[in-house]
Amino acid sequence: MNNIKVIVEEQLNTTVTSVKPIGNGNTASCYCVDISNSPFKLIIKTSKHYELTCEEKKMNDFLRQRVNFKIPKTYFIAEKDGVSYLAMEYVNGASGRILKLKQIKDKPHLANNIIDCFIDMQSVHNDKFGYFENPAYDSWKEYYRDFFEKIYTFANDKYNQGELNKKVLKALNLIKINFDEIFDNIENTPCLSHGDFWTPNMIIDIKNSEIEGVIDPFNTRYVEPEYELFCLTLGLGEKLKLYDLYKSRVQTSKYCDLKVELYALCNEIDWWMKLGEIETINYIKMRSKKLIKQIKKCKLKRMV
């Protein structure tokens, strides 16, 4: 924590009065830092993945200019002794990572507020699909085929190395043989996505049961409208029934439930690719099993 004090004082020409740890994730740790002048309080996120931290700052800044819900302002990024330090605006509220259902005063209001924010983000459009900095694809099918092929190659390598079981590979093979059927007739209006819009990345105003801010974007892209729905099925979102609420408010496609499993699985393997390691292999297996069930339910090809 001494490095945090030194770096913040150097970067902001201020005096640090306290540094307190407030949480750890799989790849990063967060600290609340009090300083002697404005903004008086900020968040420092530390990580050993400097390039990913740089991308996170760019995605934060990009989203902040385009969505109506709060994305924290970023102040600086620095690196010292192999550790990156991202300084961000402090957002007051309860972390969705540790918030319990019983702490929420008005659950229906919070659920609807989250879906309002999600739908509002989907209303931000582009004329191309792809990564936020350089979307270049005319169709989602074209973009996702290129993306999926990288996932598929990586997973096959991991399977051959004994790091991935047969069930996951079967699920990916089923995507491959059914790809054209699943991705035909996709809504062709590119929508903005946060990339990791699940409740652990939300700061909640408990008093008003509303989102106070959203953090930690991942792979911010222009996507088809149903891409990021899998995030609503995780964490507190599952207990708030966010996915069902979304489907009650927005008409979804024939293969929506299947795509939720597909996107969740491929997203996690992509995270593995970027980190070079993974701690959620059981989650990958679970999503693979659910995807195989959806393939069967939809009566698609099951022979690989």
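Bear in mind the structure is a predicted one, so any value in this text is a computation, not a measurement. (Residues numbered from 1 in each chain as written. Predicted model: local features only at pLDDT ≥ 70, side-chain atom pairs only at ≥ 80, totals over all residues. Heavy atoms only, no water.)

**Observations concerning helix α7 (residues 242–249)**
Turning to α7, its buried residues number three or more, namely Leu242, Tyr243, Leu245 and Tyr246. For α7, the angular spread of the buried residues around the axis is 160°, confining them to a single face. Contacts made by the buried residues of α7 are with α3 (107–122), α6 (236–239) and α8 (256–275). (Buried < 20%, exposed > 50% of the residue type's maximum accessible area, 1.4 Å probe, protein only. Helix = DSSP H or I, 4+ residues; strand = E, 2+ residues; numbered from the N terminus. Arc of directions from axis to C-beta. Contact = heavy atoms within 4.5 Å.)

**Some details on the pairing of strand β3 (residues 41–47)**
The element β3 is largely enclosed, with a buried count of six among its seven residues. Bridge count between strand β2 (residues 28–35) and β3: seven bridges; the pairing is antiparallel. Opposite serine 29, over in β3, you have threonine 46 as the bridge partner. In textbook terms, the turn of a hairpin is the stretch between consecutive antiparallel strands, and for β2 and β3 this stretch comprises five residues, one of which, phenylalanine 40, has a positive phi near 70°. (Pairing = 2+ DSSP bridges.)

**Some points on the pattern of salt bridges**
Counted by the stated rule, this structure contains 21 salt bridges. Lysine 58 is paired through a salt bridge with glutamate 55; the nearest N and O atoms lie 2.9 Å apart. Of this pair, lysine 58 and glutamate 55 both sit in helix α2 (residues 50–64), three residues apart, which is roughly one turn of the helix. Accessibility expressed as a relative area gives 36% for lysine 58, which makes it partly exposed. Arginine 287 serves as the salt-bridge partner of glutamate 261, at 2.8 Å between the closest nitrogen and oxygen. With glutamate 261 in helix α8 and arginine 287 in helix α9 (residues 281–297), the pair connects residues that are 26 residues apart, well separated along the chain. No difference in accessibility class separates glutamate 261 from arginine 287, as the two residues are buried. Members of the salt-bridge network, linked through shared partners, are Lys141, Arg145, Asp180 and Asp184. (Salt bridge = Lys/Arg side-chain N within 4 Å of Asp/Glu carboxyl O.)

**Focus: the nonpolar core**
Residues Trp140, Tyr144, Leu172, Phe197 and Leu262 are the most contacted members of the largest nonpolar core, which totals 76 residues. The element contributing the most residues to this core is α8, with 10 residues. With near-sequence residues (within four places) excluded, tryptophan 140 lies in contact with Phe129, Phe183, Ile186, Asn188, Tyr222, Val223, Glu224, Tyr227 and Tyr263. Counting 14 residues, the second largest nonpolar core, distinct from the first, contains Ile7, Val16, Tyr31 and Ala78. (Core = buried A, V, L, I, M, F, W, Y, C linked by side-chain atoms within 4.5 Å.)

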